[in-house]
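Listed below are the residues making up each chain.
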Protein chains: 2
Amino acid sequence: MHILSLNYMELIGFGAAVLTTAAFLPQVYKTWKTKDVSSLSLPMLILFFIGIVLWLVYGFLKDSPSMIFANSITVLSSMLLLYFKIKYNK
Amino acid sequence: MHILSLNYMELIGFGAAVLTTAAFLPQVYKTWKTKDVSSLSLPMLILFFIGIVLWLVYGFLKDSPSMIFANSITVLSSMLLLYFKIKYNK
């Protein structure tokens, strides 16, 4: 898809996608570096992960490039946090 | 809108909305109770808030009840966190 064919709706969506996805990365990096998962709640991480998977499915059903892009990355971020929580939670 | 007129797409969307919105509330409650905002990053909160506002606009443009519902609540949650961060950040 050529950049000029993006309409203003998808520009707003991609802006949203970049901002909310980027806001998540420092948490993943911090948890990876410190291995401190004490303040992360396991039930919350599980609910959030399932929720993001559903948003991704919804993004495909709504035919929304912005939602597919954002939620593909956030699925990975929240899967990593879940993995760290289970691995480092002694 | 009658519940039976909801299609399966919006059921998936509402499932996603409830899960990701609910996952956010314990953080708001914890911050409100403890007044501890030391581990919250101000730039991250600002980026996230702007991102959610854009998702809300995008939800209206995409005519998505699930996105409008989820992001209306999350706009309030992230606005509260931002307010707590500014108020309690001594």
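Residues numbered from 1 in each chain as written. Chains lettered and ligands numbered in written order. Predicted model: local features only at pLDDT ≥ 70, side-chain atom pairs only at ≥ 80, totals over all residues. Heavy atoms only, no water.

### Section: the packing of aromatic side chains
Residues and elements named next belong to chain B. The test is simple: Two rings from Phe, Tyr or Trp (for Trp, the six-membered ring) form a pair when their centres sit within 6.5 Å of each other. Planes less than 30 degrees apart are called stacked, planes more than 60 degrees apart edge-to-face, and all others tilted. Secondary structure counts use DSSP, requiring at least four H or I residues in a row for a helix and at least two E residues in a row for a strand, with both numbered from the N terminus. Residue burial is assigned from relative accessible area. The probe radius is 1.4 Å, only protein chains are included, and a residue is buried under 20% of its type maximum, exposed over 50%, and partly exposed in between.
Taken as a whole and judged by the stated rule, the model has 12 aromatic pairs over all chains. When the ring of phenylalanine 14 is compared with that of phenylalanine 69, the centres are 5.5 Å apart and the planes differ by 50°; the resulting orientation is tilted. With a gap of 55 residues between them, phenylalanine 14 in helix H1 (residues 8-34) and phenylalanine 69 in helix H3 (residues 65-88) connect regions that are remote in the sequence. For phenylalanine 69, a relative accessible area of 35% puts it in the partly exposed group. A ring pair is formed by phenylalanine 24 and phenylalanine 48, whose centres lie 5.3 Å apart and whose planes are at 5°; its orientation type is stacked. Placement of phenylalanine 24 in helix H1 and of phenylalanine 48 in helix H2 (residues 42-61) is noted, with a sequence separation of 24 residues between them. Look at phenylalanine 24 and you get buried, because its relative accessible area is 18%.

### Looking at the interface of chain A and chain B
Reports often express the size of an interface as the amount of accessible area lost when the parts come together. What counts here: Only heavy atoms enter the contact rule, under which two residues are in contact if any of them lie within 4.5 Å. The quantity reported as buried area is the accessible area (1.4 Å probe) lost by two parts once they are put together, taken as the sum for both. One speaks of a salt bridge when a side-chain nitrogen belonging to Lys or Arg is within 4 Å of a carboxyl oxygen belonging to Asp or Glu. In protein, a polar contact means a hydrogen-donor-capable atom and an acceptor-capable atom, both N or O and within 3.5 Å, with residues adjacent in sequence counting only if both atoms are side-chain atoms; elsewhere, any N or O pair within 3.5 Å suffices. Note on residue categories: nonpolar means Ala, Val, Leu, Ile, Met, Phe, Trp, Tyr, Cys or Pro, charged means Asp, Glu, Lys or Arg, and polar means any other residue, Gly included.
Each partner contributes to the interface: chain A provides 30 residues, whereas chain B provides 30 residues. Summing the contributions of chain A and of chain B, the shared interface buries around 2700 Å²; its carbon and sulfur component is 79%. Together, Leu19(A), Trp55(A) and Tyr58(A) form the three largest contributors to the area buried by chain A at its contact with chain B, with a combined 22%. Run the count over chain A and chain B and you get zero salt bridges. At the boundary of chain A and chain B, one finds nine residue pairs in polar contact (both at pLDDT 80 or more). Mapped onto the side of chain A that touches chain B, the elements with two or more residues apiece are helix H1 (8-22), helix H3 (42-61) and helix H4 (65-88) of chain A. Looking at the side of chain A that touches chain B, the element that brings in the most residues is H3(A), giving 11 residues. Across the side of chain A that touches chain B, the residue classes break down as 19 nonpolar, seven polar and four charged.

### Observations concerning the side chain of Thr21(A)
All names here are of chain A. Tracing the sequence through the fold places threonine 21 in helix H1. Exposure remark for threonine 21: the relative accessible area of 7% places this residue in the buried category. Look past the residues within four positions of threonine 21 in its chain and what remains in contact with it is Ala70, Ile73 and Thr74.

### What to know about H1(A)
Residues lying three or four places apart along an α-helix face the same way, a consequence of the helix completing one turn every 3.6 residues. Here is the rule we go by: Here the expected length of a helix is defined as 1.5 Å per residue gap, with one fewer gap than residues.
Between its terminal C-alpha atoms H1(A) stretches 21 Å, which fits the 21 Å expected from 15 residues at 1.5 Å a residue. Burial in H1(A) covers these residues: Glu10(A), Gly13(A), Ala16(A), Ala17(A), Leu19(A), Thr20(A) and Thr21(A). Looking at the buried residues of H1(A), the elements they touch are helix H2 (25-34) and H4 of chain A together with H2 of chain B. N-capping of H1(A) is provided by Asn7(A), with a side-chain oxygen placed 3.2 Å from the backbone N of Met9(A).

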